[in-house]
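Residue-level structure breakdown
Read off the chains here:
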Amino acid sequence: MRIPLPSRPAIDGRRRNVRRWPALALCAAASACFAQPPYEVVRVDRDLPEGSEYFGNAIGPDGHVVGTYIEPTDAYTFGFRWRDGEVVELPSFTDGSTPSPGLQVVPKAVDATGVVVGDLRSDGFPNEAFWYRAPTLVSVATGWRPPDLRAVNGLSENGRVVGRAVFTEGPRVATQAVAWTLPSATDGIATDVRQLGRFVGDGILESVAIGVSPSGEYVVGQARRSVGAPAGARWNLSTGVTSPVMFMPPSAAVSSELVDVNDQGFAAGTFLNPTRSGIYIAGRAEIFEFPGLGGSSAAAAAIDSAGNIVGYAADAQGISRAVITDGDVLVDLRTRLLHRWRNYTMSEATDINDRGEILVQACCGTLCGVAVLRPALHSDDFETDSGCGP
């Protein structure tokens, strides 16, 4: 149901401080708004099988990273969990058997304890959701029907999971946003299942939940009614009201979506029109669009508790750059690296946690993979680049 955004341009080879921006003064209550720290680069892919294709999907509140890798000789996608050099390859089935060709294990989110949620995908079959508590991976679809859960996209710190499911509403069968809570045991049944998108009463034809706040209070995604384009949607689960607040930035002519939300209810989103895509932030009812880096595409990926948004934006040459918001502008994250890391280029930032750690797709020369940017405890005085770091 989600309207696909333009494909990404070619790759060029302590707690976050709050930023100011015109429409929503997120740091009005803070004593000051400080400059962003410099970052150092921690390579994740160095601990994964050599020669694979790597992608990082999420970073948890304590630094766990989840993502995927594809080995050149294999026909399926492996899921992994990483933290400080320790890698766990996610099993594909509860019995640990070898997956069939074409199966993809795609972790989407991880919490502070290392619990992982994601999707099992296989050619010719519907997606199935899974959760992983070491050492067992459990398919949610085996213990929960109906509704028919088709995708997992987010996980809160208290175990609330969001995604999309197929619901039956009278004569209608529709894919709608859903939230549910993980069971306490690996063989248990999901609880507190909530259908968020509803046709009856709300008039929502289709919807999907993409992100959830750390507390589980807010859920964001995209919804489409019978009139109008698909729009960003935010649900407040603490109020008991199922109807979402819808957001459509002025520049969005085709669609918009919200991809992540913090506990203050501020959400990061992406809009699309016939000529470009861009990043915006949604407040209580306000919207602010960030200017790009000179190119025609940009997309948000995540937002932290201080309102910092990360994602990617194309520059004037059409090269994709990992970005973070700074005030009311987007900044190329490469310009915030310590000098010793300046030979790195980063095509995309895929997540940020409240420790200020940013998950990126990074290249140094011909070596490309997944890395974490960590706020440096000190600045350096190097005047020249030094390879790919120490």
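In the block above lies the structure referred to throughout.
Below or above, wherever it landed, is the structure these notes cover.

The rules behind the values
- Residues numbered from 1 in each chain as written.
- Predicted model: local features only at pLDDT ≥ 70, side-chain atom pairs only at ≥ 80, totals over all residues.
- Heavy atoms only, no water.
- Helix = DSSP H or I, 4+ residues; strand = E, 2+ residues; numbered from the N terminus.
- Buried < 20%, exposed > 50% of the residue type's maximum accessible area, 1.4 Å probe, protein only.
- Areas by Shrake-Rupley, 256 points an atom, 1.4 Å probe, with all protein chains shown as cover.
- Phe/Tyr/Trp six-rings, centres within 6.5 Å; stacked < 30°, edge-to-face > 60°.
- Lys NZ or Arg CZ within 6 Å of the ring centre and 35° of its normal.
- Polar contact = N/O pair within 3.5 Å; in protein donor to acceptor, adjacent residues only side chain to side chain.
- Contact = heavy atoms within 4.5 Å.
- Pairing = 2+ DSSP bridges.
- Axes fitted to C-alpha atoms, helices over the stretch in contact; angles between N-to-C directions.
- Salt bridge = Lys/Arg side-chain N within 4 Å of Asp/Glu carboxyl O.

Here we come to the overall build of the chain. From N to C terminus, the chain includes zero helices and 28 strands. Across the 390 residues of the chain, 55% fall into the buried class. Accessible surface, the chain as shown: approximately 15,900 Å² in total, 51% of it carbon and sulfur.

Before going further, it helps to spend a moment on the packing of aromatic side chains. Summed over all chains, the structure comprises five aromatic pairs. With a centroid separation of 5.1 Å and an interplanar angle of 15°, the aromatic rings of tyrosine 69 and phenylalanine 78 are classed as stacked. Both residues of the pair, tyrosine 69 and phenylalanine 78, count as buried. Pairing phenylalanine 288 with phenylalanine 290 gives two aromatic rings, centres 5.1 Å apart and planes at 90°, and the pair type is edge-to-face. Its relative accessible area of 15% is what places phenylalanine 288 among the buried residues. Aromatic rings pair up to connect Tyr69, Phe78 and Phe80 into one cluster. Between arginine 172 and the ring centre of phenylalanine 199, over which it is positioned, the NZ or CZ distance is 4.3 Å.

With that settled, consider the side chain of asparagine 236. With respect to the helices and strands, asparagine 236 occurs in strand β16 (residues 231-236). Within the local environment of asparagine 236, its side chain forms a polar contact with the side chain of serine 238, the two groups lying 2.6 Å apart. Here asparagine 236 is in contact with Glu217, Tyr218 and Val241, once residues within four sequence places are set aside.

Pairing is antiparallel across the open sheet formed by four strands, whose spatial order is β1-β28-β27-β26. Each edge of the open sheet is held by one strand with a lone partner, namely β1 (39-43) and β26 (344-352). With direction set aside, neighbouring strand axes in the sheet form an average angle of 35°. Two elements, β1 and strand β28 (residues 367-375), share five bridges in a ladder whose sense is antiparallel. The partner of glutamate 40 across the bridge, within β28, is arginine 374.

One pass over the structure, following the stated rule, counts 12 salt bridges. Its salt-bridge partner being aspartate 62, residue arginine 83 comes within 3.3 Å of it at the nearest N-O pair. Of this pair, arginine 83 sits in strand β4 (residues 78-83) while aspartate 62 sits in the loop between β2 (53-59) and β3 (65-70); the two residues are 21 residues apart in sequence, bridging distant segments of the chain. Residue classification places aspartate 62 among the buried positions, given a relative accessible area of 13%. Of the charged contacts, one joins glutamate 357 and arginine 374 as a salt bridge, the two residues approaching to 3.3 Å between their closest N and O atoms.

A few words on unusual backbone geometry. A cis geometry characterises the amide bond from alanine 134 onward to proline 135, with omega recorded as 5°. Counting through the fold element by element, proline 135 comes out in the loop between β8 (125-133) and β9 (136-139). Phi is positive for aspartate 84, which is not a glycine, with a value near 50°. Among the structural elements, aspartate 84 can be located in the loop between β4 and β5 (86-89).

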